[in-house]
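If you want the building blocks of each chain, they are given just below.
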Amino acid sequence: IAGITQAPTSQILAAGRRMTLRCTQDMRHNAMYWYRQDLGLGLRLIHYSNTAGTTGKGEVPDGYSVSRANTDDFPLTLASAVPSQTSVYFCASRSRDRDGGELFFGEGSRLTVL
Amino acid sequence: QQQVKQSPQSLIVQKGGISIINCAYENTAFDYFPWYQQFPGKGPALLIAIRPDVSEKKEGRFTISFNKSAKQFSLHIMDSQPGDSATYFCAARRMGTYKYIFGTGTRLKVLA
């Protein structure tokens, strides 16, 4: 059972470059999310998608864009990376079978912007 | 602003002891309060969760205590084990949505 697959696992990127973090799920969950994790700041929501074809902004959306062409894929794009986007990025999907909806996370993509 | 405040930032407990992590929220429009556990190099995973109409929920060694009037909730880990060493996040879900606000995390180390 793969669950959530993220790629790349880690990447070093020059400032100003474009980068797409990939996320694929095999659980057929409708809702998907992108979070960034920074020490002392916890997990902060970047963008989310409640279902294929729709997206929404989270707490820290600036500098990021997402698309949701189908149920399984939810890529996150940094159009022009800046050093403040150095972080660990987690993709997640939400199940429908629990009362509050359980989030399933990938193993993260560590991005360093120089 | 941090809508879910978590403390302490780090915690060291002896094996067999009780670990207690606290969270407080400011917005009353939250209706679901999960705790997530994260091991190094892994993504967070759901540990236990509670709704605000319940004051306590227990699953094995893990208990959530919820105080609605004080807008506080806490995670208690009884008989803490070295395998419990991880980072713990509390979270709150905005009512009517599936958007979760996370706390800043607590790094727990249980000494053998």
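The coordinates are above.
To start, this report covers the structure provided alongside it. Note that the structure is predicted; figures quoted are calculated from it, not measured. (Residues numbered from 1 in each chain as written. Chains lettered and ligands numbered in written order. Predicted model: local features only at pLDDT ≥ 70, side-chain atom pairs only at ≥ 80, totals over all residues. Heavy atoms only, no water.)

### Focus on the environment of F104 of chain A
- Here F104 of chain A shows up in strand β10 (residues 103-105).
- For F104 of chain A, the residues in contact, after removing those within four places along its chain, are I4, M27, H29, C91, A92, S93 and S95 of chain A. (Helix = DSSP H or I, 4+ residues; strand = E, 2+ residues; numbered from the N terminus. Contact = heavy atoms within 4.5 Å.)

### As for the packing of aromatic side chains
Residue and element names in this part refer to chain A.
- Under the counting rule described, the total for this entry stands at 18 aromatic pairs over all chains.
- Ring geometry for Y35 against F105: centres 5.9 Å apart, planes inclined by 50 degrees, an arrangement best described as tilted. Of this pair, Y35 sits in strand β4 (residues 31-38) while F105 sits in strand β10, and the two are 70 residues apart along the sequence.
- Since its relative accessible area comes to 0%, Y35 is described here as buried. (Phe/Tyr/Trp six-rings, centres within 6.5 Å; stacked < 30°, edge-to-face > 60°. Buried < 20%, exposed > 50% of the residue type's maximum accessible area, 1.4 Å probe, protein only.)

### Observations concerning the side chain of S19 of chain B
Residues and elements named next belong to chain B.
- Inspection of the secondary structure puts S19 in strand β3 (residues 19-25).
- Using a relative accessible area of 1% as the deciding quantity, one classes S19 as buried.
- For S19, the contacting residues outside a window of four places in its chain are L11, V13, L75, H76, I77, S80 and L108.

### Some remarks on the state of the cysteines
All names here are of chain B.
- Counted by the stated rule, this structure contains two disulfides over all chains.
- Each sulfur in the disulfide pair C23 and C90 lies 1.9 Å from the other. Judged by the sign of its S-S torsion, about -95 degrees, the cystine formed by C23 and C90 is left-handed. In this pair, C23 is assigned in strand β3 and C90 in strand β9 (residues 86-94), connecting sequence segments 67 residues apart.
- Looking at C90, the relative accessible area reads 0%, which means it is buried. (Disulfide = S-S within 2.5 Å.)

Nothing here speaks to function; it is geometry throughout.
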